[in-house]
Amino acid sequence: MLVEIEGFLQQAQLNKIDEVLSQANFVDGKLTAGKAAQRVKNNQELNGEPKQMELLIRILTSAMAHNATFRSAVLPYRMADPIFARYQPGMTYGKHVDDPLMGLSGQRFRSDVSMTIFLRDPDTYEGGELVVRTTFGEKRVKLKAGSAVIYPSSSLHQVAEVSGGERLVALAWIQSYVRDPAQRELLYELDLAREHLLATAADDETTGLVDKSYANLLRMWADV
Ligand code: NI
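Because the structure is a prediction, the values reported are computed rather than measured.

1. Observations concerning the coordination of the nickel ion
Working reference: metal with six octahedral donors, ideal angles 90 or 180 degrees; metal with four tetrahedral donors, ideal angle 109.5 degrees. Taken together, His96 (NE2), Asp98 (OD) and His157 (NE2) make up the full set of protein donors to the nickel ion, lying 2.1 Å away. Mapped onto the sequence, the residues coordinating the nickel ion show the spacing H-x1-D-x58-H. Exposure class is identical for His96 and Asp98. Each is buried.

2. Notes on unusual backbone geometry
A positive phi angle is found at Leu75, which is not glycine, with a value near 50 degrees. With respect to the secondary-structure elements, Leu75 resides in the loop between α4 (68-74) and β5 (76-79). What makes Leu75 buried here is its relative accessible area of 9%.

3. Some details on the sheet that holds strand β3 (residues 41-42)
Adjacent strands of a sheet form backbone hydrogen bonds with each other and so pair up, either parallel or antiparallel. Judged by pairing direction, the sheet is antiparallel, and its 5 strands sit side by side in the order β3-β7-β15-β12-β13 without closing on themselves. Among the strands making up the open sheet, the edge pair consists of β3 and β13 (137-141). Looking at chain direction, strand β12 (residues 130-134) and β13 are connected through 5 bridges and run antiparallel. Along β13, the bridge assignment pairs Arg133 with Glu138.

4. Here's the deal with the environment of Thr207
Inspection of the secondary structure assignment puts Thr207 in helix α6 (residues 205-221). The class of Thr207 is buried, set by a relative accessible area of 2%. Along the backbone, Thr207 and Pro82 are 125 residues apart, and their C-alpha atoms lie at a distance of 38 Å. Setting aside residues no more than four positions away along its own chain, Thr207 makes contact with Leu197, Leu198, Ala201 and Ala202.

5. Considerations on the packing of aromatic side chains
The final tally for this structure, using the stated rule, is 2 aromatic pairs. Here Arg86 stacks its cationic end above the ring of Phe26, 4.1 Å away from the centre of that ring. Geometry around Tyr125 places Lys142 over its ring, the cationic atom sitting 4.2 Å from the centre.

6. As for the environment of Arg184
Relative to the helices and strands, Arg184 is located in helix α5 (residues 181-200). Sequence separation between Arg184 and Ala33 is 151 residues; the distance between their C-alpha atoms is 27 Å. Sequence-distant contacts of Arg184, defined by excluding residues within four places in its chain, comprise Met1, Ala73, Val74, Asp112, Val113, Pro152, Ser176, Val178 and Arg179.

7. Examining the layout of surface pockets
By volume, the largest pocket is sized at about 990 Å³. In this structure, the largest pocket is lined by 47 residues; those nearest its centre are Thr32, Asp81, Ile83, Met102 and Trp173. Per-element tally for the lining of the largest pocket: the top contributor is strand β17 (residues 167-176), with 4 residues. Taken together, the residues of the lining of the largest pocket sort by class into 27 nonpolar, 11 polar and 9 charged. Here the second largest pocket defines a volume of roughly 350 Å³. Along the wall of the second largest pocket there are 15 residues; nearest its centre are Met1, Leu2, Thr134, Thr135 and Pro152. Among the elements of the structure, β12, β14 (148-152) and α5 are those that each provide at least two residues to the lining of the second largest pocket.

Scoring rules and cut-offs
- Each residue is numbered by its place in its chain's sequence as written, counting from 1.
- Local features in this predicted model are restricted to residues of pLDDT 70 or higher, and side-chain atom pairs are both shown and tallied only at a pLDDT of 80 or more, whereas totals for entire chains, interfaces and linings draw on every residue.
- Just so you know, side-chain values use all the structure's heavy atoms and leave hydrogens and water out.
- The rule for donors is simple: N, O or S, within 2.8 Å of the metal, or within 3.2 Å if the metal is Na, K or Ca. Water isn't counted, so a site may look like it is missing partners.
- The buried label applies to any residue whose accessible area, calculated with a 1.4 Å probe on protein chains only, is under 20% of its type's maximum; exposed applies above 50%, and partly exposed to all values in between.
- In DSSP terms, a helix is any run of H or I states spanning at least four residues, a strand is any run of E spanning at least two, and both are numbered starting from the N terminus.
- DSSP bridges decide pairing: two strands pair if at least two such bridges lie between them.
- Between two residues, a contact is recorded if the distance between any of their heavy atoms is within 4.5 Å.
- A pair of Phe, Tyr and Trp rings is counted when the ring centres sit within 6.5 Å of each other, with Trp represented by its six-membered ring. The angle between the planes then sorts it: under 30 degrees is stacked, over 60 is edge-to-face, the rest tilted.
- Only when the NZ of Lys or the CZ of Arg is both within 6 Å of the ring centre and within 35 degrees of the ring normal is a charge said to sit over the ring.
- A pocket here means an open set of points on a 1 Å grid, computed over the protein atoms alone, that has protein on both sides within 12 Å along at least five of seven lines. A cavity is instead a set of points where a 1.4 Å probe fits but cannot get out; residues with an atom within 4 Å of a point line either one.
- Grid points are joined across faces, edges and corners, and a volume is the space filled by probe spheres set on the points.
- We call Asp, Glu, Lys and Arg charged. Ala, Val, Leu, Ile, Met, Phe, Trp, Tyr, Cys and Pro are nonpolar, and the rest, Gly among them, are polar.

Now the structure itself:
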């Protein structure tokens, strides 16, 4: 399941991120890539001061905490520190899967869900689409500044070459309470139905049954 979240970041948050990034240092992205990914990775990543990183992480985690779609679709348990990546003309990230285990030693966690948050409007750069291979074919994603997309970390994906302008994104990897992407998709759709019923027919017996089923499926499938 690939879910687009429009307006994940507010304009004020985008401005703050821009302000921090404009004073920060970017380094070769190969430094954080695993062996296989190193061969196809050609971008730059933020190497921020601890204070800058702390502020950026606070903005992103607060956006995640306040976004109902994110919470419902991801069921977030733990996450690594996000990365900020920059692509200038000629830069690209070839086909790869994201590392299965992330985090510093001792705080390792599994990456279940990958998230790309777009920080530049699509008409300010050429190319740079996120291309995700799904069971229904290739999806090309290039969203407005502040919008985000989530997809299973297990899916093969790439970033098309940027041919003009600058692509700037934030990336996050999250371990979900529910490991299996098919189970997460089912819970997400059931939660949408449940929210609708709670808003329109809160007192119906059916609403209670759907609510109970959602809660008990989540209990059945969640690991902590
Ligand atoms: Ni990736």
